[in-house]
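# Residue-level structural notes
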Amino acid sequence: NYYNKQPPFVEEVGKWLGAPVPSSYSDLHYKIIDDAPDPQASIAVKVPEEYFQMLIKNKNLVKYDDFKHQLASDLKPREWQDSNIPDDFIQKPFKNTTIWVTKNDFYPKYFWYQQSTLYMVYSSR
């Protein structure tokens, strides 16, 4: 499955996530707008939890709840989206799901993993 019936650009998705997508991925949904003045990306993909743990370590991600007060522009991931949008493939993080963010980006990437799915959201609003 992929967004807008276009074949998935797995290499591009891997660049946005921060590591090549593992061969065992499935159920990929994405929306990437990276050739605009304000790049945006939303990705949902089923991957092994080990892949997500590797991203946390390799990308030096920090826990959102510990870092959110230092964010210049915060998407507020637990609040930003109305879950009633029928075409949206990004699932809001559960209250007990840990959200991770990139620490050194002015517009951070938000990551969370729940029900075997890795979610990544980036917006330069």
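The present account deals with the structure reproduced in this document. (Residues numbered from 1 in each chain as written. Predicted model: local features only at pLDDT ≥ 70, side-chain atom pairs only at ≥ 80, totals over all residues. Heavy atoms only, no water.)

## A closer look at the pattern of salt bridges
Following the criterion strictly, the structure yields 2 salt bridges and no others. Among the ionic pairs, Lys68 bridges to Asp65, the shortest N-O distance being 3.8 Å. Residues joined by salt bridges that share partners form a network here, namely Asp65, Lys68 and Arg78. (Salt bridge = Lys/Arg side-chain N within 4 Å of Asp/Glu carboxyl O.)

## Digging into the environment of Ser124
For Ser124, the location among the structural elements is in the segment after strand 6 (117–123). Apart from the residues within four sequence positions on either side, Ser124 is in contact with Asp38, Pro39, Gln40 and Tyr107. Reaching out from Ser124, the side chain makes a polar contact with the backbone oxygen of Pro39 at a distance of 3.2 Å. (Helix = DSSP H or I, 4+ residues; strand = E, 2+ residues; numbered from the N terminus. Contact = heavy atoms within 4.5 Å. Polar contact = N/O pair within 3.5 Å; in protein donor to acceptor, adjacent residues only side chain to side chain.)

## Focus: the pairing of strand 5 (residues 110–114)
Of all the 5 residues making up strand 5, 5 are buried; the element is thus mostly covered by neighbouring parts of the structure. Burial along strand 5 is two-sided: the face carrying Tyr110, Trp112 and Gln114 and the face carrying Phe111 and Tyr113 are both buried. Inspection of the sheet shows strand 4 (residues 99–101) paired to strand 5 by 3 bridges, in the antiparallel sense. Residue Val101 lies in a different strand from strand 5, and its bridge partner there is Tyr110. As defined by bridge partners, strand 5 adjoins strand 6 across 5 bridges and the pair is classed as antiparallel. The partner of Tyr110 across the bridge, within strand 6, is Val121. Linking strand 5 to strand 6, which pair antiparallel, is a turn of 2 residues; within it Gln115 sits at a positive phi near 50°. (Buried < 20%, exposed > 50% of the residue type's maximum accessible area, 1.4 Å probe, protein only. Pairing = 2+ DSSP bridges.)

## Side note on the side chain of Lys109
For Lys109, the location among the structural elements is in the loop between strand 4 and strand 5. Note on Lys109: relative accessible area 15%, which makes it buried. For Lys109, the side chain forms a polar contact with the main-chain oxygen of Trp16, separated by 2.8 Å. Dropping the residues within four chain positions of it, Lys109 is found in contact with Lys15, Trp16, Trp100, Val101, Thr102, Met120, Val121 and Tyr122.

## Topic: the sheet that holds strand 1 (residues 26–33)
Taken in spatial order, the 6 strands of this open sheet run 1-2-6-5-4-3, and their pairing is antiparallel. Edge positions in the open sheet fall to strand 1 and strand 3 (62–63), since each of these has one partner strand only. Those strands touched by helix 1 (residues 10–17) are strand 1, strand 2 (40–46), strand 5 and strand 6, and its axis lies near 105° from that of strand 2. The strands that helix 2 (residues 49–58) touches are strand 4, strand 5 and strand 6; relative to strand 5, the one it contacts most, it runs at about 155°. (Axes fitted to C-alpha atoms, helices over the stretch in contact; angles between N-to-C directions.)

## Notes on the packing of aromatic side chains
Under the definition given, this model contains 5 aromatic pairs. Centre to centre, the rings of Trp16 and Tyr122 are 5.3 Å apart; their planes meet at 50°, and the pair counts as tilted. Pair noted here: Trp16 is in helix 1 and Tyr122 is in strand 6, with a separation of 106 residues, a long-range link. Tyr122 matches Trp16 in its accessibility class, with the two residues each being buried. (Phe/Tyr/Trp six-rings, centres within 6.5 Å; stacked < 30°, edge-to-face > 60°.)

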